Amino acid sequence: MLKYDLVIVGGGPAGLAAAVSARDHGIESILIIERDKELGGILNQCIHNGFGLHTFKEELTGPEYAARFINQVMERKIEYKLNTMVMDISDEKVVTAMNREDGMFEIKAKAIILAMGCRERSRGALNIPGYRPAGIYSAGTAQRLVNMEGYMPGKRVVILGSGDIGLIMARRMTLEGAKVLVVAELMPYSGGLKRNIVQCLNDFDIPLKLSHTVVDIEGKERVSAVTIAQVGPNRKPIPGTEIRYECDTLLLSCGLLPENELSRSAGVELSPVTFGPVVNDSLETNIDGVFACGNVLHVHDLVDYVSQEAAVAGKNAADYIQNGKNTDAKAVEIIPEGGVRYTVPRYIRPTEMEDTVTVRFRVGEVYKNCQIVTYFDETPVLKRKRPVMAPGEMEQIILDKKKLQMFPMLSKITIKIEEA
Amino acid sequence: MMYDVAIIGAGVVGSAIARELSKYELSACVLEREEDVCCGTSKANSAIVHAGFDATPGTWKAKLNVRGNEMMEQLSKELDFPFVRNGSLVVRTKDQDISGLEELMKKGKENGVPGLRIIERKELLKMEPNLAEDVVDALYAPTGAIVCPFHLNIALAENACENGVEFLLNTEVTSIKKAAEDYELTILKKPVGAAAVAGKEPEQESIRAKVVVNAAGVYADVFNNMVSEEKLAITARKGEYMLLDKTAGNHVSHTIFQLPGKMGKGVLVTPTVHGNLLVGPTAIDVEDKEGINTTADGLSFLSEASARSVKNVPFRQVITSFAGLRAHEEKNDFVLGEAKGAEGFFNAAGIESPGLTSAPAIGQILAEQIANKLSLVKKENFKATRKGILRPETLSMEERNRLIKEQPAYGNIICRCEMITEGEILDAIHRPLGARSLDGVKRRTRAGMGRCQSGFCSPRTMEILEREVPMSIYDITKNGGKSSFVVGVNKGI
């Protein structure tokens, strides 16, 4: 059996940043396992710009952003295996992987970082009725076909869901010569970033129909028409509001799901809200020495935040490998309330945490002129005014260790949205 | 072309007949309008091997169900397809009378179904902890089973093909004429992919056959009525289903039927042989014999109706939904044998539930009748077994590594949800009647059948088809005809 101090599952932005951070914190023996033919993950098909504004203070494309981290991995001579699939992770931290050259093999790791990313919600999971012809793609599959293979999946396009990939693909397909007829969004607000709505839809006169969904797909061989309808507050279609679009393609951008099949088989506790692992302030799961970061933990809007989060996971994994873990440390749960859907991390250990810990979360609906209030037990300790908050944009607060230590008997932290 | 036998339809029935006939010295062909075998009713059903208590005693359905059930296990070994005898339960709720269950048991005994017994709730809950609160008892049929309908159909067809039956795919029969000694069939050879998209017309040809077998599913009435004086009337009866992720596959272990009642025939909840959970079907008669669309009403009905027998079905785990069409003949039984006034024209018509179960028995009966008709003699070199696509997950790590050393493609995962390797996809393409479409690969290997529903693997599978067949990327379809996946290159439209 091979032995490594740290095995990182996934060579996308999360895995790369975690590897660099772990090495910089003194871990020599690191292996990144990547299932695709190159490092960089899904960034390699995100050829649009807008990446790296926070991290590098400049605007990069996805592949350029990935290249910055790939270079750092190369400079540090961190080991990686490409075209290699992790088949299983055991709770004893034995990773079983497979590729063409090595066959199936096992690695015993002292620590593991989960960085497998996420996948798109499929048509089937959305229960859209109608025929099942060719021409229905997830936005990410279409993005791969157009940006990496150079093929157009269709000419006249309806997009369901206003997630960022769908918005980006509306512009991309338009630039490549297709006609994007409409973007329909089930919710009364977009799931994507404001800037993407402006730059990808408004600038190209592509209509966005909020509170609309697909109610029928026609076409026995290839999509021939898609019908959308308005939905009421219960999200059920309102009869009589149907609009039919003749088209050959339906792209779906209806949400991303963290890919946690491996985590589940290892016994990692998952959140029913994020579908990602439940972690503490060091981004460690319920299994000692197994950490998670990036979109496998919860779906992010910006890769910059993925990189930041992954660096934290890498540093903490290094610390775990070098110093072990104080298993007696008290953990305080963060309770999301009043519009806050979840928090990552869910547990804070005041004695073990870094000087500051960033807590990220999403809200459940659109809030205007509200504030994010953090309570230590019943005491409000932190208020942050936000003119607008929406589910499509991740929010954060920063917890300060010094402040936490002023509450030695703390039993819970509550984060909620309140009127300002 | 002149054949002894021409079979219309490469579904499970046509393929079972073809396989049985391939035991004899003859020239036979199967004419299939789709681009692959198993494309109609055979691909979209409950995937159940029924025990046989449901059909009216004395009917073909009753006889062949029980016989088909008996044959299936042995056949699954000979032809290497997944089959699990998981047992079935017909559950009764407290608002229903016990006489319904007793009636079923009585019919079952008459039909020769072994081991039937009624089980009370207490014992039932040990077998199935997720049964609904209102369930009081159930009829247990230990011979009830589940099967992979794709693999059953494909295995029969592959084995027939290996034993010399010719399969003409993308070939639609448009007319059948009786001649003095034989039949003349007009066929259309349908274009696939780019040619179909560009509007190329199908090419018309004709073939002759001494015997024609009508296994045309929902269209069997059309062909029968071209030659026979005894007309058939087949209605397409739609059944919608929802398939749940493998994480929900253990929700029940038996096939759970509902006792028919004033709420209708009820829906079943069953594990599949691959470990998913299947809920369905609806039963709605439709005009359109191509109407395999799902409906909002149908899908919401399934989630409501299933709750009568099984609680807490995790519908958030649905990965796909689909609909199939049952070929319902108005006399409510299979129509088997030589058609009236049409010597040499044999029907296997009206094959609805329990058609999948009965298919091997139907094949046997029809083949015997045809062999008598044509005085066929048995082949000496009939190859009775067929090896399925190797599933590396069934091997030990040592065996797997030996395999990867010999064939590195088995080390390359293409479908990450179902963990399907390139080696399996190559096998699916290069074996007899190999896959030529994404759905063809999917039915043979399960690549694309998992929770992401081919989002990740479809571009990779396309690349493999393009390289291995080889074929143009524009000819790669989801399922033949105009179902191309890409329509041009960037800026090329």
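What counts, and at which threshold
Residues numbered from 1 in each chain as written. Chains lettered and ligands numbered in written order. Predicted model: local features only at pLDDT ≥ 70, side-chain atom pairs only at ≥ 80, totals over all residues. Heavy atoms only, no water. 1 Å grid on protein atoms, 1.4 Å probe; cavity = no way out; pocket = protein on both sides within 12 Å on 5 of 7 lines; lining within 4 Å. Points joined across faces, edges and corners; volume = space filled by probe spheres on them. Nonpolar A, V, L, I, M, F, W, Y, C, P; charged D, E, K, R; others polar. Pairing = 2+ DSSP bridges. Helix = DSSP H or I, 4+ residues; strand = E, 2+ residues; numbered from the N terminus. Axes fitted to C-alpha atoms, helices over the stretch in contact; angles between N-to-C directions. Left-handed = near helix turned anticlockwise from the far one by under 90°. Contact = heavy atoms within 4.5 Å. Buried < 20%, exposed > 50% of the residue type's maximum accessible area, 1.4 Å probe, protein only. Domains from an automatic or database assignment. Buried area = accessible area lost by both parts, 1.4 Å probe. Salt bridge = Lys/Arg side-chain N within 4 Å of Asp/Glu carboxyl O. Phe/Tyr/Trp six-rings, centres within 6.5 Å; stacked < 30°, edge-to-face > 60°. Lys NZ or Arg CZ within 6 Å of the ring centre and 35° of its normal. Disulfide = S-S within 2.5 Å.

Enquirer: What should I look at first to understand empty space enclosed by the protein in this one?
Expert: In this approach, a probe sized like a water molecule rolls over the atoms, and the result shows the empty space that is left. Inspection of every chain in the model, using the stated rule, returns 4 cavities of 30 Å³ or more. Quantified by volume, the largest cavity comes out at close to 70 Å³. Across the lining of the largest cavity, the residue classes tally to 5 nonpolar, no polar and 4 charged.

Enquirer: Can you walk me through the sheet that holds strand β3 (residues 48–49) of chain B in this structure?
Expert: Residues and elements named next belong to chain B. Spatially, β3-β8-β4 is the arrangement adopted by the 3 strands of the open sheet, whose pairing is antiparallel. Edge strands, defined here as strands with exactly one partner in the open sheet, are β3 and β4 (83–84). Sheet topology places β4 next to strand β8 (residues 145–147); 2 bridges connect them, and they run antiparallel. Its bridge partner lying in β8, Val84 is registered against Ile146.

Enquirer: What am I meant to see in the packing of helix α4 (residues 139–149) of chain A against helix α5 (residues 164–175) of chain A here?
Expert: Two quantities define a packed helix pair, namely the angle between the axes and the distance from one axis to the other. Residue and element names in this part refer to chain A. Contact geometry of α4 with α5 gives a least axis separation of 9 Å together with a crossing angle of 35°. Of the two possible hands of crossing, α4 and α5 adopt the one that is left-handed. Judged by residue contacts, Ala139, Gly140, Ala142, Gln143, Val146 and Asn147 of α4 engage Ile165, Gly166, Ile168, Met169, Arg172 and Met173 from α5. For the contact of α4 with α5, the residue count by class is 7 nonpolar, 4 polar and 1 charged.

Enquirer: It is not clear to me how the sheet that holds strand β10 (residues 136–138) of chain A should be interpreted in this structure. Could you clarify?
Expert: Sheet strands line up and pair through hydrogen bonds in the backbone, either parallel or antiparallel. Residues and elements named next belong to chain A. The strand order β10-β18-β12-β13-β14 describes an open sheet built from 5 strands, whose pairing is parallel. A single partner strand is all that each edge strand has here, and the edge strands are β10 and β14 (208–210). Each strand of the sheet is rotated relative to its neighbour by a mean of 20°, with strand direction disregarded. Examined bridge by bridge, strand β12 (residues 156–160) and strand β18 (residues 249–252) share 4 bridges and lie parallel to one another. In the sheet register, Val157 faces β18, and the bridge partner there is Thr249. Sheet strands in contact with α4 are β10 and β18, and its direction is about 90° off that of β10. Across the sheet, α5 touches β12, β13 (179–185) and β18, and the angle it forms with β13 is around 170°.

Enquirer: How should I be thinking about the environment of Gly199 of chain B in this particular structure?
Expert: Residues and elements named next belong to chain B. Relative to the helices and strands, Gly199 resides in the loop between α6 (194–197) and β12 (203–214). Classification of Gly199 by relative accessible area gives partly exposed; the value is 44%. For the pair Gly199 and Thr272, spaced 73 residues apart in the sequence, the C-alpha separation amounts to 40 Å.

Enquirer: Is there a simple way to explain the domain arrangement of chain B in this structure?
Expert: All names here are of chain B. What the domain assignment lists for chain B is domain 1 (2–42 + 150–233 + 332–374), domain 2 (84–143 + 235–328) and domain 3 (392–475). Placing a centre on the C-alpha atoms of domain 2 and another on those of domain 3 gives a separation of 32 Å. Counting residues at the interface gives 6 residues for domain 2 and 6 residues for domain 3. Carbon and sulfur atoms supply 42% of the area buried between domain 2 and domain 3, which totals about 540 Å² over both sides. Where domain 2 packs against domain 3, one counts 2 salt bridges. Residue Lys246 is joined to Glu418 by a salt bridge in which the shortest nitrogen-to-oxygen separation is 2.6 Å.

Enquirer: Which parts of the structure should I look at to understand the packing of aromatic side chains?
Expert: Geometry of an aromatic ring pair is reported as the spacing of the ring centres plus the angle between the planes. Here the structure, examined in full by the defined rule, presents 9 aromatic pairs over all chains. On the numbers, 6.2 Å between centres and 55° between planes, the contact of Tyr183 of chain B with Phe345 of chain B is tilted. Remark: Phe345 of chain B occurs in strand β20 (residues 345–349) and Tyr183 of chain B occurs in strand β11 (residues 183–189); sequence separation between them is 162 residues. Classification of Phe345 of chain B as buried rests on a relative accessible area of 0%. Three or more aromatic residues joined by ring pairs form one cluster here, namely Phe56, Tyr65 and Phe69 of chain A. Here the basic side chain of Lys416 of chain A rests over the ring of Tyr375 of chain A, its NZ or CZ set 4.9 Å away from the ring centre. Above the ring of Tyr183 of chain B, the side-chain terminus of Lys178 of chain B is found at 4.8 Å from the ring centroid.

Enquirer: How should I be thinking about the state of the cysteines in this particular structure?
Expert: Structurally, a disulfide amounts to a covalent bond that connects the sulfur atoms of two cysteines. All names here are of chain A. Scanning the model with the defined rule gives 0 disulfides over all chains in all. Sulfur of Cys46: no disulfide; nearest cysteine sulfur belongs to Cys118 and is 10 Å away. Here Cys200 is not cross-linked by a disulfide; its sulfur's nearest cysteine counterpart is in Cys46, at 12 Å. By relative accessible area, which is 0% here, Cys200 ends up buried.

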